[in-house]
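# Topology and contacts: notes
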Amino acid sequence: AGVTRSRLAASACRKAAAPAAASAASPRVGATRTQFVGSTNLPYRRDDEQGPGGRASNAGVKVAVFGAGGFLGRYVCCDLGTNGVLGYIGQRGDEFELRHIRPMFDLGRSRFVFYSPRDRDSMAEVIADADVVVNLIGKYYETKALANQDKFPFFEYRTNYTFLECNVDIPRTVAELCTEMQVDNLIHVSSLAASPDSQSEWARTKYAGEQAVREAYPWATIVRPAQLFGPEDQLLNWFANVAGRFPVVPLVDGGHALTQPVHMADVAHTIAKIIDEPEKYEGKTVDCFGPQDFTYKELAEFVYDITGQEPVVADVPKSAAIASAKVLQYQGAPSFTPDLMQLWSEDYVPPMTQEEYDAQSGSDKILTMKDFGIEATPMEKIAFNYLHRFRSGGHFQLVEGYQGNLSTQAGHSGKMFADDAGSGRL
């Protein structure tokens, strides 16, 4: 019954942003949006926007995006295209690598530019005359590739991009370019796990990246999301994938560490609202987190309740999990890395409760999604939509009367497509 209820996902609609005066120095960036009744899907229109607002409109804002091909990046681009923004998209591969991003923008409203993170000039070409730059570059593991060597065994694994490069050096370069090119605003996406005291190198370098960005561009807006969940996530899908690929699903130190996942669309909407009024949020930090915290053990139980999988779930000491991950980390898009095991052994939650965030005062107040009028989406409303694919036979086998379930279909395959007035088709 709980699984059936979780199918009823509430559609997320962006609420109207509070009116604010446009910036005199840059009249286009920061222009407020007012409700546009003529469209149910695109309820916002800038005061000085050309067109009805949203699609087929010119919002008069140019946004450069680094990391558009990532999990969060594609949803940020979707919001940009939906709101009539001209997008400058940085891509590191050929012209087809980010082809799924192109339909998110109207024809002529996107510009794809090749760049290398180690080539400063090419990154400057991506930024060009952008009003706002968004940096979403990140990776949960250090990419490696086979390379030749002169001695036996004549090949070795070499790291392509380290955590230090992805999380510190590249963000610093983006921030320095924004300062040199006098870009109006910079949004840097970090993580709630960022900490100089974390045992995870990924989390430590995320913190160092925030400091590097602040030093090079003090007015940057830092967005710190918790772990993201959504159709392409590496959280809930991780449990379902590991259950199908490995004999045991390990829970590091019993899976007692806490996490407070946030829906990726909520974070994307938050970034879009910052772009609406970027001057208002200069130098601010925005924490994004879900409505409830879970242990990793509870997440495993939640996922397997939806998928119907019955894997062996084992409590594994962190030392044993790291030792196994040292071997398994060489898979493509690895499910296990030593650093990931370190990260999942620590709490991944906001430093304060929502009430404590609300009670803050002063210019150094840390904002949350609530300050943007965005209500955190419960995981239970979304997860079924993309986890039911892991069920053996799909989710229709549990619906009584839907052309029969798997047990009644056996031996009656010829009747599967027969007309049945009581089939209860959806």
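Refer to the preceding data block for the structure.
Residues numbered from 1 in each chain as written. Predicted model: local features only at pLDDT ≥ 70, side-chain atom pairs only at ≥ 80, totals over all residues. Heavy atoms only, no water.

### Side note on the packing of aromatic side chains
Counted according to the given criterion, the structure contains 14 aromatic pairs. A ring pair is formed by Tyr140 and Tyr141, whose centres lie 4.7 Å apart and whose planes are at 70°; its orientation type is edge-to-face. According to the relative accessible area criterion, Tyr140 is partly exposed, its value standing at 23%. Judged by relative accessible area, which is 16%, Tyr141 ranks as buried. Geometrically, the ring pair formed by Tyr281 and Phe372 is tilted, given 4.8 Å between the ring centres and 35° between the ring planes. Of this pair, Tyr281 sits in the loop between α7 (264-276) and β15 (285-288) while Phe372 is found in the loop between β18 (367-368) and α12 (379-387), placing the two residues 91 residues apart along the sequence. Taken individually, Tyr281 and Phe372 each receive the classification buried, so the pair is uniform in this respect. The rings of Trp238, Phe239, Phe246, Tyr296, Phe336 and Trp344 are connected pair by pair, giving a single aromatic cluster. The aromatic ring of Tyr88 is capped on one face by Arg111, whose charged end is 4.6 Å from the ring centroid. It is Arg118 that lies over the ring of Tyr161; its NZ or CZ is 4.0 Å from the centre. (Phe/Tyr/Trp six-rings, centres within 6.5 Å; stacked < 30°, edge-to-face > 60°. Buried < 20%, exposed > 50% of the residue type's maximum accessible area, 1.4 Å probe, protein only. Helix = DSSP H or I, 4+ residues; strand = E, 2+ residues; numbered from the N terminus. Lys NZ or Arg CZ within 6 Å of the ring centre and 35° of its normal.)

### Points about a negative patch on the surface
The grouping of Asp293, Glu298, Glu301 and Asp347 at the surface amounts to a negative patch. Tracing the sequence through the fold places Glu301 in helix α8 (residues 296-307). (Patch = residues over 30% accessible without salt bridge, like charges linked within 9 Å, V, L, I, M, F, W, Y side chains within 5 Å. Areas by Shrake-Rupley, 256 points an atom, 1.4 Å probe, with all protein chains shown as cover. Salt bridge = Lys/Arg side-chain N within 4 Å of Asp/Glu carboxyl O. Lys, Arg positive; Asp, Glu negative; His and termini not counted. Charge placed at Lys NZ, Arg CZ, Asp CG, Glu CD.)

### Description of the sheet that holds strand β10 (residues 221-225)
Here we have 8 strands laid out as an open sheet, ordered β5-β4-β3-β6-β9-β10-β15-β18, and parallel in their pairing. With one partner strand each, in any of the chains shown, β5 (110-114) and β18 form the two edges of the open sheet. As paired strands, β15 and β18 are joined by 2 bridges and run parallel to one another. What sits directly across from Asp287, in β18, is Thr368. Sitting on the sheet, α7 is in contact with β3 (62-66), β6 (132-135), β9 (185-189), β10 and β15, with an inclination near 170° to β10. (Pairing = 2+ DSSP bridges. Contact = heavy atoms within 4.5 Å. Axes fitted to C-alpha atoms, helices over the stretch in contact; angles between N-to-C directions.)

### Focus: empty space enclosed by the protein
For the coordinates displayed, the defined rule picks out 2 cavities of 30 Å³ or more. Volume-wise, the second largest cavity comes out at about 40 Å³. Lining the second largest cavity, in full, are Trp238, Phe239, Pro250, Leu251, Val252, Gly255, Tyr296 and Trp344. Sort the elements by how many residues they give to the lining of the second largest cavity and strand β12 (residues 248-252) lands first, with 3 residues. Along the lines of polarity and charge, the residues of the lining of the second largest cavity split into 7 nonpolar, 1 polar and no charged. (1 Å grid on protein atoms, 1.4 Å probe; cavity = no way out; pocket = protein on both sides within 12 Å on 5 of 7 lines; lining within 4 Å. Points joined across faces, edges and corners; volume = space filled by probe spheres on them. Nonpolar A, V, L, I, M, F, W, Y, C, P; charged D, E, K, R; others polar.)

### Focus: the pairing of β10
By the criterion of burial, β10 is predominantly enclosed, with 5 of the 5 residues buried. The alternating pattern of β10 places Thr221, Val223 and Pro225 on one face and Ile222 and Arg224 on the opposite face, and all of these are buried. Of the pairings in the sheet, the one linking β9 to β10 comprises 3 bridges and is parallel in character. Note on β10: the bridge partner recorded for His188 is Ile222. Crossover β9 to β10 through helix α5 (residues 201-216) is right-handed. Where β10 and β15 come together, 4 bridges link them in parallel fashion. Counterpart to Arg224 in the pairing with β15 is Asp287. (Right-handed = clockwise from strand over helix to strand, strands pointing away.)

### Considerations on the layout of surface pockets
When its volume is computed, the largest pocket comes out at roughly 1,300 Å³. Residue lining of the largest pocket: 46 residues in total, with Gly70, Phe71, Gly138, Lys139 and Tyr140 positioned closest to the centre. Among the secondary structure elements, those contributing two or more residues to the lining of the largest pocket are α2 (71-82), β4 (86-91), β8 (155-161), α4 (163-180), α5 and α10 (338-343). With 4 residues, the top contributor of residues to the lining of the largest pocket is α2. Of the residues belonging to the lining of the largest pocket, the class tally is 25 nonpolar, 14 polar and 7 charged.

### Concerning the nonpolar core
Membership of the largest hydrophobic core comes to 87 residues, with the highest contact counts inside it found for Val63, Leu72, Leu236, Phe239, Ile271 and Ile275. Once you skip the residues sitting within four places of it in the chain, Leu236 turns out to touch Phe229, Leu299, Phe302, Val303, Met379, Ala383, Tyr386 and Leu387. Within the second largest apolar cluster, 25 residues are counted, among which are Phe66, Val126, Ala130 and Ala220. (Core = buried A, V, L, I, M, F, W, Y, C linked by side-chain atoms within 4.5 Å.)

### Remarks on the packing of α2 against α7
Viewed as axis vectors pointing N to C, α2 and α7 meet at an angle of 50°, and their least axial separation amounts to 9 Å. Considered as vectors, α2 and α7 are oriented oblique to each other. Seen from above, α2 lies across α7 with right-handed handedness. The residues of α7 that touch α2, namely those facing Phe71, Leu72, Tyr75, Val76, Asp79 and Leu80, are Met264, Val267, Ala268, His269, Ile271, Ala272 and Ile275. (Parallel < 35°, antiparallel > 145°, perpendicular 65-115°, else oblique. Left-handed = near helix turned anticlockwise from the far one by under 90°.)

### Digging into the packing of helix α3 (residues 120-127) against α4
Running from N to C, α3 and α4 point in directions that differ by 60°, and their axes come no closer than 10 Å. Considered as vectors, α3 and α4 are oriented oblique to each other. When you trace α3 past α4, the crossing you get is right-handed. Residues Arg120, Met123, Ala124 and Ile127 of α3 form the contact with α4, whose own contacting residues are Ile170, Thr173, Val174, Glu176, Leu177, Cys178 and Glu180.

Keep in mind that these numbers describe shape and distance, not what the molecule does.
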